Structure formats: structure tokens, C-alpha cells
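Summary of the model geometry
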Amino acid sequence: MAAVSCQPLLNVESGTRSSHYIRTVYDGETVSDSLLPKSKFDTVLYYSTVEFPSGYDWKRDSACGNSKATLTIYRNFEPLGSFETGENSCIGTDPDTHHWLEGNLYTEYNLYGQTVITKNGKELFRYNGQEFLKGLLVRGEEVWTLGQNSNGKGFSLRRNGEALLTDTQGQVFGDLTSSAHGALYMDSEQICFCYQRQAESAYNMYKVSDSHTTLVGSSVRTIYDMIILDGKVSFAAGDGRSVLLERESGSLHIGGSSGGIENAWLCRGGQGETVCFAEKGGSDPEYFVWSGGISKRIGSCSQIFMYSQPDRTFKYARISGLGISLCDGDRGVLRSFPKPGLISRSCIKFMGNESFLAYNGQNGDSRIVFKGRDVPVNVNGYVSALDVTIIKEEEEK
């Protein structure tokens, strides 16, 4: 099948910046300010919107996802480019398929048995097989993807679309709701992820570093999550009523409940691993966070999103029927928003002590919280994803 050429409605700026701009902080990769020459720093906001024709009720969506729409990408509220969604552009309206990385918007799209990956509206590559991305990471000129088969079983690790590792039965730990990169991350200068595979009555656990697979062990217990941190494997395991943090050095009891454990997962933050787990409760589970040997109750809510930080502190967003609370692991609630609509986990970002959020108000209007201000976004639609980075301008010599 011939590749479909993606034609922008507006031209997109060049992906390169002038040489006096240097990226210093982005999503877990940081350079200490004290090691840098004196310079001017600026916080840059990137976001994307999906806009439907005037008069179309996108919340009701009577066209069942088939309405025409336009995807527009922005830098500091200035549009960089617009693209029609649909088969001709291989760009969808689903916010879960929009991913910002390093000031570029990547999208995924399934079309006639193929998966198409685009960058800023232009097709990068496509490959046979329908996959949903669990991980996305850019290293130099290489775009690494970790895709789960559409039937829910098996995965493929790819570099620029070329399959490096495929397992038809493997189950990947993590996804793109857990971090900007999802199940893929850098550890000890290698691209890593973990997965498990059922073997008779037990599960075999594997770690992968730059496409090289190593069997870690097997377990008859439930394995909730598994990560590699500083070259060593940790996993959260349980028997349905308790949560254990398993390390190479031994096992730690994290928490438990007579009512049962609903889920648990690991975050690469805090003083090593941070463990979040949910105890079964009433209508909503009770959430707890363990970090640095201390367990804290977050409370009852419908959903929690964890965000690790470069300094290994952790932030989280608490979603409930009352609204959204953006929280710090040590300082508690930073800011709350009563009953807004959150389109996607990718609409929340923490950077240092600042928090950023895109949401839909009770009237359906889109707003972005940026530098403490609520800025309206005038579209008949929604903000699909956002990202924040810091750039510096070197002093002129």
C-alpha cells in the first residue's frame, strides 16, 4: 500500500532552533543550574488541540468519531501548524494517540492493518500490524516504539519502524498513561522496559536493555509492576491482600488490607522506587503512596496519576467526583479544580514546583493553567495533550 502524504493546512516551523537555544530540562533529564553559565531561562508550553466544525456537538459525537476535525499544534499559544484528521493524514482525534516529546508531537494511527507514526503532522514510518503504543522514546535520530498487538497479547519493540524484538505472548509493564515515555525509559544509558510471560502455573519475568532480553526469574504471585532502576530490577508483587516490594537485596512489606488490593504500580521517583497501591473500598478505592520507607494515605478517589521528577521527588494528580487536585508528595495539595473535565493524562505536567493542566470546564470550554493563570482556549473541541520544557539563551559573547 502506498504511503499517504500528510499535507499541512499551515506550515510547521522547522524542528531546529537557532544555535543559541540549548535544551536544559525535559521530562526527567536534567542539568544542574549551578553547572551552567549565567543565562536567561524561559518556560515553553507546547500543546495540541482537536477542533470540530462550528456547530458540531463534539461531546455528544453523533458522527461516532467520523466527523471532520483539525489538529493544531501550538508553542506558547502561537499556532505552528494545522492538519486535517482522518485517513488521508493518518492522524486521529483520540487524545490517547497524541504524544508530546521534546517539543514535537508524535501520533499513532491504525489504517488497513498497518500502524502509522507521524511527527508534527508528517509521516515518519509505517509497518504491518495494528499496534497501540505502550512506550515511545527518541534517542538522537532514532524513534523507538513499544507497541502492543491490537488483540491485547504480545508486543514488538521497534527502532524507526524496524522490529528488533517481538514476543507474541508477552505482557508489558507500564504504558503511556504512566509517563511521557510510557513503558520505555532510559536507565544506565540504555533503553529499557520489563515484561512478563505466562509459563504453565507461573509467570516468567524479563528485563530488556537496548533490545537484549534477560530472564530475571519467575513467580506464582501476582506481579503488579516491574522496573529497572540504576541497573537493578524491582517489582511490586502481592497475594491479593498485601503488597511487597521485591528487590535484588530482599523483600519489603509495603502495605495490605483485609478487603484486598486492587492494584499497585511503581514510579521511578522518590528515594529510589515509589510504590502506589490501591486498597479495595466502597465506590472508589483507597490510595496509598510508599516512598523512602514511609507510607502516606492519599485518600479515596477514582484515579491517580503519578509523575516522577528529575530530583526524584514525586508529584501526583488525584481525580475524583469533586474535581482534580494537583499534589506534591511532601507538601500535599498544590492546587484544586472543582469538577473540570480531564481529556487525557497527557494534559497534566509538573516541572519543578510548577504544575500545568489543560481541562474542559463545566460549560465545555477548554482552558490551560500556565504560570498560575487560567488561559481560555477558543476551540470547538479540546486540548488533546501538552508539554512544558525549559530553554535557555546563552549570553552573547
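1. Some remarks on the overall build of the chain
- Scanning the chain from N- to C-terminus turns up zero helices and 35 strands.
- Residue burial in the chain is summarised as follows: out of 397 residues, 50% are buried.
- Looking at the chain as shown, the accessible area adds up to about 18900 Å², and 44% of this sits on carbon and sulfur atoms.

2. Structural notes on the state of the cysteines
- The tally for this structure, following the rule as stated, stands at zero disulfides.
- Free cysteine C194: the closest other cysteine sulfur is in C192, separated by 7.6 Å.
- The cysteine C267 is free of any disulfide, with C276 supplying the nearest cysteine sulfur at 9.0 Å.
- The exposure class assigned to C267 is buried, which follows from its relative accessible area of 7%.

3. A word on the pattern of salt bridges
- Evaluation of the coordinates by the stated rule reveals 12 salt bridges.
- K315 is paired through a salt bridge with D328; the nearest N and O atoms lie 3.2 Å apart. Of this pair, K315 sits in strand 28 (residues 314-320) while D328 sits in strand 29 (residues 323-328), and the two are 13 residues apart along the sequence.
- D387 is the salt-bridge partner of K349, the closest N and O atoms lying 3.5 Å from each other. Placement of K349 in strand 31 (residues 348-351) and of D387 in strand 35 (residues 381-394) is noted, with a sequence separation of 38 residues between them.

4. Thoughts on the pairing of strand 5 (residues 78-84)
- In terms of strand pairing, strand 4 (residues 70-75) meets strand 5 through six bridges, oriented antiparallel. In the strand pairing of strand 5, L71 is matched with F83.
- Connecting strand 4 to the antiparallel partner strand 5 that follows it, the hairpin turn spans two residues, and N76 within it adopts a positive phi of roughly 50°.

5. Brief notes about the packing of aromatic side chains
- Here the structure, examined in full by the defined rule, presents 16 aromatic pairs.
- Ring geometry for Y47 versus Y74: centroids 4.6 Å apart, planes at 5°, classification stacked. Linking Y47 in strand 3 (residues 39-51) with Y74 in strand 4, this pair joins segments that are 27 residues apart in sequence.
- Considering the side-chain rings of F155 and F193, the 5.6 Å spacing of their centres and the 85° angle between planes classify their relative orientation as edge-to-face. On the criterion of sequence distance, the pair formed by F155 in strand 12 (residues 155-159) and F193 in strand 16 (residues 190-199) is long-range, its members being 38 residues apart.
- According to the relative accessible area criterion, F155 is buried, its value standing at 1%.
- Each residue in the set Y47, Y74, F77, F356 and F370 is aromatic and connected to the rest through ring pairs, giving one cluster.
- One cation-aromatic arrangement involves R158 over Y127; the distance from NZ or CZ to the ring centre is 3.8 Å.

6. Quick word on the environment of N151
- Mapped onto the elements, N151 comes out in the loop between strand 11 (142-149) and strand 12.
- From its side chain, N151 meets the backbone nitrogen of K153 in a polar contact 2.9 Å long.

7. Some words on the confidence of the model for the chain
- On average, residues of the chain score 82 in pLDDT, and 85% of them reach the 70 mark or higher.
- Confidence over residues 1-39 falls short of pLDDT 50; this stretch has 81 contacts with residues more than four positions distant or in other chains.

8. Concerning the sheet that holds strand 33 (residues 366-370)
- Reading across the sheet, the four strands line up as 31-32-33-34 and stay open at both edges, with antiparallel pairing between neighbours. The open sheet terminates on both sides in strands that have one partner only, identified here as strand 31 and strand 34 (373-377). Across this sheet, the average inter-strand angle for adjacent strands is 15°, counted without regard to direction.
- Across four bridges, strand 32 (residues 354-360) lies against strand 33 in antiparallel orientation. When the bridges of strand 33 are listed, Y359 appears paired with R367.

9. With respect to the sheet that holds strand 25 (residues 286-291)
- In space, the four strands of this open sheet follow the order 23-24-25-26, with antiparallel pairing throughout. Unpaired on one side and paired on the other, strand 23 (261-267) and strand 26 (294-300) mark the two borders of the sheet. Adjacent strand axes in the sheet meet at a mean angle of 20° when their direction is disregarded.
- Looking at chain direction, strand 24 (residues 274-279) and strand 25 are connected through six bridges and run antiparallel. Within strand 25, the position partnered with A278 by the bridge is Y287.

10. Considering the environment of E102
- With respect to the helices, strands and loops of the structure, E102 is situated in the loop between strand 6 (98-101) and strand 7 (104-111).
- The spatial distance from the C-alpha of E102 to the C-alpha of T389 is 7.6 Å, given a sequence separation of 287 residues.

11. Section: the side chain of T115
- As for its position among the elements, T115 is in strand 8 (residues 114-119).
- Of note is the side chain of T115, whose polar atom sits 3.2 Å from the side chain of N110.
- Excluding anything up to four places from it in sequence, T115 contacts Y109, N110, F125, R126, Y127, G129, Q130 and E131.

12. As for the pairing of strand 24
- The element strand 24 is largely enclosed, with a buried count of six among its six residues.
- Alignment of strand 23 against strand 24, held across six bridges, turns out to be antiparallel. The residue of strand 24 that forms the bridge with N263 is A278.
- Linking strand 24 to strand 25, which pair antiparallel, is a turn of six residues.

13. A short note on the nonpolar core
- Ranked by internal contacts, the top residues of the largest apolar core, which has 24 residues, are M226, F235, V243, I254, V275 and F277.
- Among the elements that line this core, the one with the most residues is strand 19 (residues 222-229), at five residues.
- Counting 17 residues, the second-largest nonpolar core is a separate cluster that includes V50, Y56, L71 and L105.

What counts and how
- Residues numbered from 1 in each chain as written.
- Predicted model: local features only at pLDDT ≥ 70, side-chain atom pairs only at ≥ 80, totals over all residues.
- Heavy atoms only, no water.
- Helix = DSSP H or I, 4+ residues; strand = E, 2+ residues; numbered from the N terminus.
- Buried < 20%, exposed > 50% of the residue type's maximum accessible area, 1.4 Å probe, protein only.
- Areas by Shrake-Rupley, 256 points an atom, 1.4 Å probe, with all protein chains shown as cover.
- Disulfide = S-S within 2.5 Å.
- Salt bridge = Lys/Arg side-chain N within 4 Å of Asp/Glu carboxyl O.
- Pairing = 2+ DSSP bridges.
- Phe/Tyr/Trp six-rings, centres within 6.5 Å; stacked < 30°, edge-to-face > 60°.
- Lys NZ or Arg CZ within 6 Å of the ring centre and 35° of its normal.
- Polar contact = N/O pair within 3.5 Å; in protein donor to acceptor, adjacent residues only side chain to side chain.
- pLDDT = per-residue confidence, 0-100.
- Contact = heavy atoms within 4.5 Å.
- Axes fitted to C-alpha atoms, helices over the stretch in contact; angles between N-to-C directions.
- Core = buried A, V, L, I, M, F, W, Y, C linked by side-chain atoms within 4.5 Å.

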